[in-house]
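Okay, here's what each chain looks like letter by letter:
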Amino acid sequence: PAVLPPGPPPPLTFSGAKLVNDKAHPYKAPRPGDIRGPCPGLNTLANHGYLPSSGVATPAQIITATQEGFNFAPGAARFATYSAHLVDGNLVTDLLSIGGKTAKTGPDTGAPAIIGGLNTHSVFEGDASMTRADFHWGDNHSFNQTQFDLFVEYSNKYGGGFYNLTVAAELRHRRIQDGIATNPEFDLTAIRFFTAFGESSFPYSMFVDGRITERATAGLDMTNATLIFRDGKYPKDFWRAPEPTAGFGIIDIFNAHPIKPGRNENGVNTYTVDPDAADFSTPCKRYTDFLSKTVVKLYPNPTGVLRRNLILNLGFLYDAQGVIPDCPQVFPYGQL
Ligand code: HEM
Ligand code: MG
């Protein structure tokens, strides 16, 4: 059925550390048919009942769950959720799959929209993930043990057995270099340029127990990393981050090995900078490109409820990103 999207739920009233692997949220393994995907955070929330175990959720449920279960900061939670929903979700039913495409999000609204869930390559999910393979190799969403072995190797080499900010910077660089050298279709442009660095910060900022205060330096141990990345399982007695957290240290990760957005244009080792791609110095362009190069390509000519819900979700996204100087809202579908 067509749904009027309710807009984002409010921030947490109590936003400190607390036990989140509690009696009300025990781990339950996914049952046949339940959907899991490329995001270890959302998989964990679905396995612990913060999200529907089906793996199909509304944007409001995802925002509530990531705030409650990991203390993801309200702005970041809204920004990630509405970005993903606009390109991967069903805008008429207000449902998003956290993994593959499914009829559980409702009937398709017509090509060229994909409505393929978070597994969909290149509109939100992208290359150089830490524990999932590049789409070129076939499976861009399942836990990949070989890549996790590299995660462990780097955590040992640069973090004394813990994934911390130093490890994040080195592994981020290595995954990008591996992609350039081995994946003929390697692409680090559009929103993936930003999320690649953001996600590298999440393990030490949100997978570390909230009772530990020196988070970036303390880092994540490999037992708990395995639980969350591979099994979608909170560690025993896990407490969420001590304050609303959007991932910190992202610019430090970037500055350790700066790179410009680009892609392999002609096979491996042909990484070519895209002079028309947004980077950290052009946050407004990130927003306007996401609309003009990604969303409008999927929805060139929407009508009716679809158009209305696109306008509403684009409004939630604009509000979510926070004030960017000289970055007025864009209305590709007009206003209500
Ligand atoms: C990766 C979606 C929140 C942790 C991803 C990916 C997607 C995604 C699509 C795959 C991107 C890629 O690596 O190619 C979302 C959405 C969220 C959300 C829509 C909504 C709020 C979170 C939160 C955490 C988290 C709260 C941590 C507590 C991660 C990590 C990765 C990731 C660590 C990287 C996995 C890897 O590189 O192997 N997320 N996510 N995410 N997400 Fe989330
Ligand atoms: Mg990926």
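No experiment lies behind these values; they were computed from the predicted model shown.

Enquirer: So what's going on with helix α3 (residues 74-88)? Which residues, and what values?
Expert: Between its terminal C-alpha atoms α3 stretches 21 Å, which fits the 21 Å expected from 15 residues at 1.5 Å a residue. Of all 15 residues in α3, twelve are buried, a share of seventy percent or more. Of all the positions in α3, only Ala76, Ala77, Arg78, Phe79, Thr81, Tyr82, Ser83, Ala84, His85, Leu86, Val87 and Asp88 are classed as buried. Elements in contact with the buried residues of α3: α2 (59-70), β2 (96-97), α6 (190-206), α10 (283-298) and α11 (304-320).

Enquirer: Can you explain the side chain of Thr245? Please cite residues and give values.
Expert: Checked against the element boundaries, Thr245 lands in the loop between α8 (222-231) and α9 (250-256). A polar side-chain atom of Thr245 sits 2.5 Å from the main-chain carbonyl oxygen of Glu243. Not counting the four nearest positions on each side in its chain, Thr245 is found in contact with Asn71, Phe72, Ala73, Ser205 and Met206.

Enquirer: I'd like a description of the coordination of the iron atom of ligand 1, backed by residues and values.
Expert: Angles between donor atoms at a metal ideally measure 109.5 degrees for a four-coordinate tetrahedral arrangement and either 90 or 180 degrees for a six-coordinate octahedral one. Among protein atoms, the single one acting as a donor to the iron atom of ligand 1 is Cys39 (SG), 2.3 Å away. With respect to the helices, strands and loops of the structure, Cys39 is situated in the segment before α1 (40-47).

Enquirer: Quick one: what's the story with the site of ligand 1, residue by residue and with numbers?
Expert: Neighbouring ligand 1 are 25 residues, the closest being Cys39, Gly126, Ser129, Met130 and Thr131. At 2.7 Å from an oxygen atom of ligand 1 is found a main-chain nitrogen or oxygen belonging to Met130. Contact between ligand 1 and Thr131: an oxygen atom at 2.7 Å from a main-chain N or O atom of the residue. With respect to the detected pockets, ligand 1 is housed in the largest pocket. Put simply, the parts of the chain that give the shell around ligand 1 at least two residues each are α1, α2, α3 and α6.

Enquirer: Which residues make up the coordination of the magnesium ion (ligand 2), and what values go with them?
Expert: Surrounding the magnesium ion (ligand 2) are the protein donor atoms Glu125 (OE), Gly126 (O) and Ser129 (OG), at 2.1 to 2.2 Å. We note that the donor set of the magnesium ion (ligand 2) lies within a single chain, spaced as E-G-x2-S. Taking relative accessible area as the criterion, Ser129 reaches 13% and is therefore assigned buried.

Enquirer: Which residues make up the side chain of Arg175, and what values do they have?
Expert: If you trace the backbone, Arg175 turns up in helix α5 (residues 165-182). Within the structure, the side chain of Arg175 is placed 2.6 Å from the backbone oxygen of Ser129, a separation counted as a polar contact. The residues contacting Arg175, other than those within four sequence positions of it, are Ala128, Ser129, Met130, Arg132, Asp134, Gln147 and Leu150.

Enquirer: I'd like a rundown of the nonpolar core, residues and numbers included.
Expert: One broad trend across soluble globular proteins is that nonpolar side chains are buried collectively. The biggest cluster of nonpolar side chains holds 83 residues, and the ones touching the most others in it are Phe151, Tyr163, Phe229 and Tyr299. Beyond its immediate stretch of four places on either side in the chain, Phe229 contacts Pro40, Met130, Thr131, Arg132, Phe143, Phe148, Phe151, Pro203, Phe207 and Leu220.

Enquirer: Explain the packing of helix α4 (residues 145-159) against α5 to me, and be specific about the residues and the numbers.
Expert: Between α4 and α5, whose axes approach to 9 Å, the crossing angle comes to 135°. When the interaxial angle is binned, α4 and α5 end up oblique. α4 and α5 meet at a crossing whose hand is right-handed. Across from Gln147, Leu150, Phe151, Tyr154, Ser155, Tyr158 and Gly159 in α4, the residues of α5 making contact are Thr166, Val167, Glu170, Leu171, Arg174, Arg175 and Asp178. Of the residues belonging to the contact of α4 with α5, the class tally is six nonpolar, four polar and four charged.

Each value, and the rule that gives it
- Residues numbered from 1 in each chain as written.
- Chains lettered and ligands numbered in written order.
- Predicted model: local features only at pLDDT ≥ 70, side-chain atom pairs only at ≥ 80, totals over all residues.
- Heavy atoms only, no water.
- Helix = DSSP H or I, 4+ residues; strand = E, 2+ residues; numbered from the N terminus.
- Expected span 1.5 Å × (residues − 1).
- Buried < 20%, exposed > 50% of the residue type's maximum accessible area, 1.4 Å probe, protein only.
- Contact = heavy atoms within 4.5 Å.
- Polar contact = N/O pair within 3.5 Å; in protein donor to acceptor, adjacent residues only side chain to side chain.
- Donors = N, O, S within 2.8 Å, 3.2 Å for Na, K, Ca; no water.
- Near = heavy atom within 4 Å.
- 1 Å grid on protein atoms, 1.4 Å probe; cavity = no way out; pocket = protein on both sides within 12 Å on 5 of 7 lines; lining within 4 Å.
- Sits in = over half its atoms within 2 Å of the grid points.
- Core = buried A, V, L, I, M, F, W, Y, C linked by side-chain atoms within 4.5 Å.
- Axes fitted to C-alpha atoms, helices over the stretch in contact; angles between N-to-C directions.
- Parallel < 35°, antiparallel > 145°, perpendicular 65-115°, else oblique.
- Left-handed = near helix turned anticlockwise from the far one by under 90°.
- Nonpolar A, V, L, I, M, F, W, Y, C, P; charged D, E, K, R; others polar.

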